[in-house]
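Per-entry structural report
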Amino acid sequence: MKSIFFVLTVFVFSVTSAQKNIYENRRFDELTENHEVLAIVPFIANLDLERDVPASELKKLAEKEGYAVQNALETYFSKRKKRKKFNVDFQNIEDTNAILTQNRISYDNLDIYTTKQLCTLLKVDGIISGNLNLNILLSKGVPTDFSFLDYFSGDANYGRIGVKVSDGETGKLLWKYEKAITKKTGKNTIELIDKMMKLASRKFPYDKEKKRKKKD
């Protein structure tokens, strides 16, 4: 009985913590009234690995992690979109990356462009972007040798991820969600994004169910 109570307590704490790490613009409904398509761009990753890695290799590894998160988010949104969970569409990331390349925008200089500039080039209404700070290579998977208590306590912090949605017309931040990456977050990038977005799903502003509750 005590163990069940412990699990429930941890679950409630996790959900509460997730909600505290979520920001939504008060003018969200007004700013997104005409939003139809969003683009997901590669995440900016910063790696602080325990092993010594040459700067050139570290740069390539960081880029790989950034694209892995972009791909994982598209996978998550695509699955939910098939069940008609969102009131917006998401641009195919292959199209997004191709258009960026055609305009000489690479992973190295992506962060110098404004949301307005990117939305104009990509012909979308908003941008999903973010940052990733890691001390492991999440795309290769996290260590699996942990105890039952580690799972619930969230020991072994591997970094932090921040996902944000910005408006193309005004450039304003619309929504942001930050979360620590631990052993219980997920064993790889796909699982991490799936779990964290499900945890924040009730707060994701483009969710149809959330919109319906607001009107009610």
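Residues numbered from 1 in each chain as written. Predicted model: local features only at pLDDT ≥ 70, side-chain atom pairs only at ≥ 80, totals over all residues. Heavy atoms only, no water.

Turning our eyes to something else, we now look at the packing of helix α4 (residues 93-102) against helix α5 (residues 115-122). For the pair α4 and α5, the least separation of the axes is 10 Å and the interaxial angle reads 105°. Between α4 and α5, the angle falls in the class roughly perpendicular. Contact residues: Thr96, Ile99 and Leu100 in α4; Leu118, Leu121 and Leu122 in α5. For the contact of α4 with α5, a count of residues per class yields 5 nonpolar, 1 polar and no charged. (Axes fitted to C-alpha atoms, helices over the stretch in contact; angles between N-to-C directions. Helix = DSSP H or I, 4+ residues; strand = E, 2+ residues; numbered from the N terminus. Parallel < 35°, antiparallel > 145°, perpendicular 65-115°, else oblique. Contact = heavy atoms within 4.5 Å. Nonpolar A, V, L, I, M, F, W, Y, C, P; charged D, E, K, R; others polar.)

Burial along strand β3 (residues 44-47) is one-sided: the residues Ala45 and Leu47 are buried and none of Ile44 and Asn46 is. Relative to strand β5 (residues 126-134), β3 runs parallel, the two being bridged by 4 bridges. Each bridged residue has a counterpart across the sheet, and for Ala45 the counterpart in β5 is Leu132. (Buried < 20%, exposed > 50% of the residue type's maximum accessible area, 1.4 Å probe, protein only. Pairing = 2+ DSSP bridges.)

In terms of nonpolar packing, the biggest core is built from 42 residues, with Leu73, Phe77, Ile128, Ile161, Ile193, Met197 and Tyr206 touching the most fellow members. Elements with a minimum of two residues in this core: α2 (28-31), β2 (37-40), β3, α3 (55-82), β5, β6 (159-167), β7 (173-181) and α7 (189-200). The element contributing the most residues to this core is α3, with 7 residues. With residues near it in sequence (within four places) discarded, Leu73 still touches Ile40, Phe43, Ile128, Ile193 and Met197. Counting 10 residues, the second largest nonpolar core, distinct from the first, contains Val41, Leu100, Leu118 and Val124. (Core = buried A, V, L, I, M, F, W, Y, C linked by side-chain atoms within 4.5 Å.)

Position of Ser166 relative to the elements: it lies in strand β6. Setting aside residues no more than four positions away along its own chain, Ser166 makes contact with Thr115, Asp125, Gly126, Ile127, Lys172, Leu173 and Leu174.

This part is about unusual backbone geometry. Positive phi outside glycine occurs at Arg104, with the angle close to 60°. Relative to the assigned elements, Arg104 resides in the loop between α4 and α5. A relative accessible area of 74% places Arg104 in the exposed class. The backbone of Lys123 sits at a positive phi, close to 55°, despite the residue not being glycine. Mapping Lys123 onto the fold places it in the loop between α5 and β5.

Looking now at the pairing of β6. Two faces, one strand: in a regular strand the side chains alternate between the faces of the sheet. Among the 9 residues in β6, 7 count as buried, and that is most of the element. With 9 bridges connecting them, β5 and β6 associate as antiparallel partners. Bridge assignment links Gly126 to a residue of β6, and that residue is Asp167. Sheet topology places β6 next to β7; 8 bridges connect them, and they run antiparallel.

Attention shifts here to the packing of aromatic side chains. For any pair of aromatic rings, the description consists of the separation of the ring centres together with the inter-plane angle of the planes. Applying the stated rule across the entire model yields 7 aromatic pairs. Summarising the aromatic geometry, the rings of Phe28 and Tyr206 are spaced 5.1 Å apart at their centres and angled 75° between planes, so their arrangement reads as edge-to-face. Residue Phe28 is found in helix α2, and its partner Tyr206 is found in the loop between α7 and α8 (208-215); the two are separated by 178 residues along the sequence. Classification of Phe28 as buried rests on a relative accessible area of 1%. Pairing Trp175 with Tyr177 gives two aromatic rings, centres 6.2 Å apart and planes at 50°, and the pair type is tilted. The pair Trp175 / Tyr177 is uniform in exposure class, with both members buried. (Phe/Tyr/Trp six-rings, centres within 6.5 Å; stacked < 30°, edge-to-face > 60°.)

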